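Fold and geometry: a report
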There are 2 protein chains.
Amino acid sequence: MTSSPAAPDPAPHAVGARGDLFDPLCPTRRLLDRIGTKWTSMVVKVLAEADPAEVRFAELRRRMPGVSQKMLSATLQSLARDGLVARRVEPTVPPRVHYRLTPLGLSLDAPLAAVRAWAEQHMPEIDRANRAADESAADRNDEQ
Amino acid sequence: MTSSPAAPDPAPHAVGARGDLFDPLCPTRRLLDRIGTKWTSMVVKVLAEADPAEVRFAELRRRMPGVSQKMLSATLQSLARDGLVARRVEPTVPPRVHYRLTPLGLSLDAPLAAVRAWAEQHMPEIDRANRAADESAADRNDEQ
DNA sequence: CCGAATCCTGAGGGATACTG
DNA sequence: CAGTATCCCTCAGGATTCGG
């Protein structure tokens, strides 16, 4: 991905004059850079489905097996920076930090749900296609 | 990305009891690994909107400023492997190779369109959030 | 309990040159 | 024209450690 933390945007010039959806500023490209990042979409999904909308860091982590604290932390920062999640700190000791989706973040869940639906419905076909491709490759190896 | 060329799928086991969307085999994760890849979604979009559904390699390349032949080639291979695009070779000399979306690939354009729509509609808000975050950061630097 | 800082690797992806 | 091979650099992201 291109963005995430530390992307100074080295090119302050006008990139493409017109609505060139194909320059690095293409909104779709930029959004995909975000949600394509490993844990982002998962956080959005988990928070979108969380019943008390607010979830603590540790709880969030428990609901996402496999995520490291570093990446969860980084992902949440990124999302907060983008205005997709909100942070609330309880000034207790030790501090309790809660996260929830903002309305903007919640609205992102809709297109993401579409993607999820497509994935669950069609990934088997993709797997079949892959197996077929592998077989053809094997065949070409078997050829005399 | 996890997949692409050379992904032996080391785990032939049952995909987690049930809808464990959180193991590496999560369909959504795998799909995002694909469409999150830099040029994939662009190819799908371009091919979905192409009027003669079939487009030659060079033409495709012209419609996607910035893509290198290497990456376009790799992307098309990947998509073909996944059964999302079909390749047709005209046995002339020099050879002409045409690409088009399969029905599966075409169906993927729907959820992608949803993502595109969201992006164009909401990226400005994200940009605003980012600027706001930057300002707060600057403020914290200005503090005495 | 929450998160920042550092180290290290593996893979994505650009530029260029070569083959059929 | 289409595709492959090589070089190289950047960066996601995992493990670990330190701080408040």
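Residues numbered from 1 in each chain as written. Chains lettered and ligands numbered in written order. Predicted model: local features only at pLDDT ≥ 70, side-chain atom pairs only at ≥ 80, totals over all residues. Heavy atoms only, no water.

**Observations concerning the overall build of chain A**
Where we set the bar: Starting at the N terminus, helices and strands are each numbered in turn, a helix being any DSSP run of H or I of at least four residues and a strand any DSSP run of E of at least two. Each residue is placed in one exposure class: buried if its accessible area under a 1.4 Å probe, protein chains only, is under 20% of its type's maximum, exposed if it is over 50%, and partly exposed if it falls in between. Two residues qualify as a contact provided that any one of their heavy atoms is within 4.5 Å of a heavy atom in the partner residue.
Helix and strand content of chain A: five helices and three strands. In chain A, the succession of helices and strands from N to C terminus is α-α-β-α-α-β-β-α. Split into buried and exposed, the 144 residues of chain A put 38% on the buried side. Look at the contacts in chain A between residues 6 or more apart in sequence, and 49% of them connect residues 24 or more apart.

**A few points about the interface of chain A and chain B**
The condition is simple: Two parts placed together each lose some accessible area; with a 1.4 Å probe, that loss summed over both constitutes the buried area. In what follows, salt bridge is the name for a side-chain nitrogen of Lys or Arg lying within 4 Å of a carboxyl oxygen of Asp or Glu. Three classes are used: nonpolar for Ala, Val, Leu, Ile, Met, Phe, Trp, Tyr, Cys and Pro, charged for Asp, Glu, Lys and Arg, and polar for all others, with Gly counted as polar.
Listed by partner, the interface residues are 43 residues for chain A and 42 residues for chain B. Taken together, the two surfaces of chain A and chain B that pack against each other cover about 4,000 Å², and 68% of this comes from carbon and sulfur. The interface formed by chain A and chain B contains four salt bridges. A salt bridge links A:Asp134 to B:Arg81, with the shortest nitrogen-to-oxygen separation between them at 2.8 Å. For the side of chain A that touches chain B, the secondary-structure elements that each account for two or more residues are α1 (27-35), α2 (40-49) and α5 (103-142) of chain A. Sorting elements by how many residues they give to the side of chain A that touches chain B places α5(A) first, with 19 residues. A per-class count over the side of chain A that touches chain B returns 22 nonpolar, eight polar and 13 charged.

**Re the protein's contact with DNA strand C**
What counts is decided by this rule: By convention in these notes, a residue is near a molecule or strand provided one of its non-hydrogen atoms lies within 4 Å of it.
In the neighbourhood of DNA strand C, 18 residues make up the surrounding shell, with A:Phe57, A:Gln77, A:Arg87, A:Tyr99 and B:Lys70 lying closest. Within 4 Å of the protein, the contacting atoms of DNA strand C are 72% sugar and phosphate, with bases supplying the remainder. Counting only elements with at least two residues in the surface near DNA strand C, the list comes to α3 (57-62), α4 (69-81) and β3 (96-101) of chain A together with α4 (69-81) of chain B. Its residues placed into classes, the surface near DNA strand C shows nine nonpolar, four polar and five charged.

**Here we look at the UniProt feature "domain: HTH hxlR-type" (unreviewed entry) in chain A**
Put simply, the rule reads: UniProt positions are given in the numbering used here, feature names are shortened, and annotations may be inferred rather than shown by experiment.
Feature annotation in UniProt assigns "domain: HTH hxlR-type" (unreviewed entry) to the following positions: residues 26-127 of chain A. Note that residues 26-127 of chain A is 62% helix and 14% strand, and that its end C-alpha atoms are spaced 30 Å apart.

**Describing the sheet that holds strand β1 (residues 55-56) of chain A**
All names here are of chain A. What counts, and what does not: Two strands pair if DSSP finds at least two bridges between them. Fitted lines through C-alpha atoms give the axes, limited to the stretch in contact for helices. The angle between two N-to-C directions lies from 0 to 180 degrees.
Strand order in this open sheet of three strands is β1-β3-β2, and the pairing throughout is antiparallel. The outermost strands of the open sheet, each flanked by one partner alone, are β1 and β2 (85-90). Relative to β3, β2 runs antiparallel, the two sharing six bridges. Considered in β3, the bridge of Arg 87 is made with Tyr 99. Each of β1, β2 and β3 touches α2; the most contacted strand, β3, lies at about 90° to it.

**Things to note about the relation of the copies chain A and chain B**
Quick reminder of the rule: Copies are brought into register by a least-squares superposition over C-alpha atoms of residues with pLDDT of at least 70 in both.
Superposing chain A onto chain B takes a rotation of 180° plus a shift of 0.0 Å along the axis, which leaves an RMSD of 0.1 Å. Taken together, the rotation and translation relating the two chain copies correspond to the operation of a two-fold axis. Distance from the rotation axis, computed per C-alpha, reaches its smallest value in chain A at A:Gly36: 2.3 Å. In this assembly, 98% of the residues forming the interface of chain A have copies in chain B that are likewise at the interface, indicating an isologous arrangement.

**Overview of the pairing of β3(A)**
Side-chain positions along a regular strand alternate between the two faces of the sheet. Residue and element names in this part refer to chain A. In this sheet, β3 lies alongside β1 in antiparallel orientation, the contact comprising two bridges. Among the inter-strand pairings, Val 55 is bridged to a residue of β3, identified as Tyr 99. The hairpin turn running from β2 into β3, its antiparallel successor, is five residues long.

**Points about the side chain of B:Arg116**
Within the secondary structure layout, B:Arg116 lies in helix α5 (residues 103-142). Ignoring anything within four residues of it in the chain, the contact list for B:Arg116 reads A:Thr28, B:Lys45 and B:Asp109.

**Some details on the protein's contact with DNA strand D**
We count it as follows: Two N or O atoms count as a polar contact when they lie within 3.5 Å, although within protein this holds only if one can serve as hydrogen donor and the other as acceptor, and sequence-adjacent residues are included solely when both atoms are side-chain atoms.
Residues in close proximity to DNA strand D total 19 residues, the closest being A:Lys38, A:Lys70, B:Ala58, B:Gln77 and B:Arg87. The sugar and phosphate moieties of DNA strand D supply 76% of its atoms located within 4 Å of the protein. Within the side chain of A:Lys38, an N or O atom sits 2.8 Å from a phosphate oxygen of DNA strand D. The separation between a phosphate oxygen of DNA strand D and a polar side-chain atom of B:Gln77 is 2.8 Å. Those elements that provide at least two residues to the surface near DNA strand D are α4 of chain A together with α3 (57-62), α4 and β3 (96-101) of chain B.

**Concerning α4(A)**
Residues and elements named next belong to chain A. Inclusion rule: One fewer than the residue count of a helix, multiplied by 1.5 Å, yields its expected span. As used here, the arc is the angular range of directions from the helix axis to the C-beta atoms.
Compared with an ideal rise of 1.5 Å per residue, which puts 13 residues at 18 Å, α4 spans 18 Å between its outermost C-alpha atoms and is within 8% of the ideal. Regarding α4, the residues found buried are Leu 72, Thr 75, Leu 76 and Leu 79. In a view along the axis of α4, the buried residues occupy a sector of 95°, so they form one face of it. Exposed residues pointing more than 90 degrees away from the buried face of α4 are listed as Lys 70 and Gln 77.

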